Amino acid sequence: MNIFGKISNMKRVLDQNSIVLTAEQLLVILRKLGNLWHYNKNKHKVSLTTEEATIYEILITNSINPATAYKWMLLAAA
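Predicted model only: the values in this text are computed from it and were never measured.

Asker: Would you mind showing me how to read the overall build of the protein here?
Answerer: The number of helices and strands found in the protein is four helices and zero strands. Its helices and strands in sequence order give the protein the pattern α-α-α-α, from N to C terminus. Scaling as 2.2 N^0.38, a compact globule of 78 residues should have a C-alpha radius of gyration of about 12 Å, and the protein matches this with 12 Å. Here the C-alpha coordinates of the protein stretch approximately 35 × 25 × 20 Å along the principal axes. Looking at the protein as a whole, 32% of its 78 residues qualify as buried. Counting contacts in the protein only where the partners sit at least 6 residues apart, residues at least 24 apart contribute 62% of the total. Surface accessibility of the protein: about 5,100 Å² in total, with carbon and sulfur atoms responsible for 54%.

Asker: What is the right way to look at helix α1 (residues 3-16) in this model?
Answerer: Count 3.6 residues to each turn of an α-helix, and residues three or four apart come out pointing the same way. The end-to-end C-alpha distance of α1 is 20 Å, a good match for the 20 Å that 14 residues give at a rise of 1.5 Å each. For α1, the complete set of buried residues consists of Ile7, Met10, Val13 and Leu14. Down the axis of α1, the sector holding all buried residues measures 120 degrees, keeping them to one side. Facing away from the buried side of α1, by more than 90 degrees, are the exposed residues Phe4 and Gln16. With its phi angle positive at about 60 degrees, serine 18 sits one or two positions after the end of α1.

Asker: Just to check I follow, could you spell out the side chain of lysine 32 for this structure?
Answerer: Structurally, lysine 32 can be placed in helix α2 (residues 23-38). Of the polar contacts made by the side chain of lysine 32, one reaches the side chain of glutamate 52; its length is 3.0 Å. Other than its neighbours up to four places away in sequence, lysine 32 contacts Trp37, Val46, Ser47, Leu48 and Glu52.

Asker: Where do I start with helix α3 (residues 50-61) in this structure?
Answerer: Taking 1.5 Å per residue, 12 residues should reach 16 Å; α3 reaches 16 Å between its end C-alpha atoms and fits that length. Among all positions of α3, only Glu52, Ile55, Tyr56, Ile58 and Leu59 are buried. Down the axis of α3, the buried set is contained in an arc of 165 degrees. They therefore lie on one face. Set apart from the buried face of α3 by more than 90 degrees, the exposed residues are Thr50, Glu57 and Thr61.

Asker: Even after reading the chapter, I still don't get the environment of asparagine 17, so can you show me in this structure?
Answerer: Within the element layout of this structure, asparagine 17 appears in the loop between α1 and α2. Owing to a relative accessible area of 38%, asparagine 17 belongs among the partly exposed residues under this scheme. Each C-alpha atom of the pair asparagine 17 and asparagine 35 lies 23 Å from the other, and the pair is 18 residues apart in sequence.

Rules used throughout
- Residues numbered from 1 in each chain as written.
- Predicted model: local features only at pLDDT ≥ 70, side-chain atom pairs only at ≥ 80, totals over all residues.
- Heavy atoms only, no water.
- Helix = DSSP H or I, 4+ residues; strand = E, 2+ residues; numbered from the N terminus.
- Rg over C-alpha atoms; globule rule 2.2 N^0.38 Å.
- Buried < 20%, exposed > 50% of the residue type's maximum accessible area, 1.4 Å probe, protein only.
- Contact = heavy atoms within 4.5 Å.
- Areas by Shrake-Rupley, 256 points an atom, 1.4 Å probe, with all protein chains shown as cover.
- Expected span 1.5 Å × (residues − 1).
- Arc of directions from axis to C-beta.
- Polar contact = N/O pair within 3.5 Å; in protein donor to acceptor, adjacent residues only side chain to side chain.

Shown next, in the form of structure tokens:
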């Protein structure tokens, strides 16, 4: 599956959970989740909003790494 299929799958998973975002909003949230939260060893320094925490939980539950999803979105935008 190419990155466009993976992005489509990720958006479908989010839509099924009533998360409706524009591509720009999703990119900003994925940047925060992937770069500032997922690989951060000092998570207590970064706080997530309720929406961001819900999206993070949905992605992890569906085996989607937020950092990788952010990279997919950057590649698709280029």
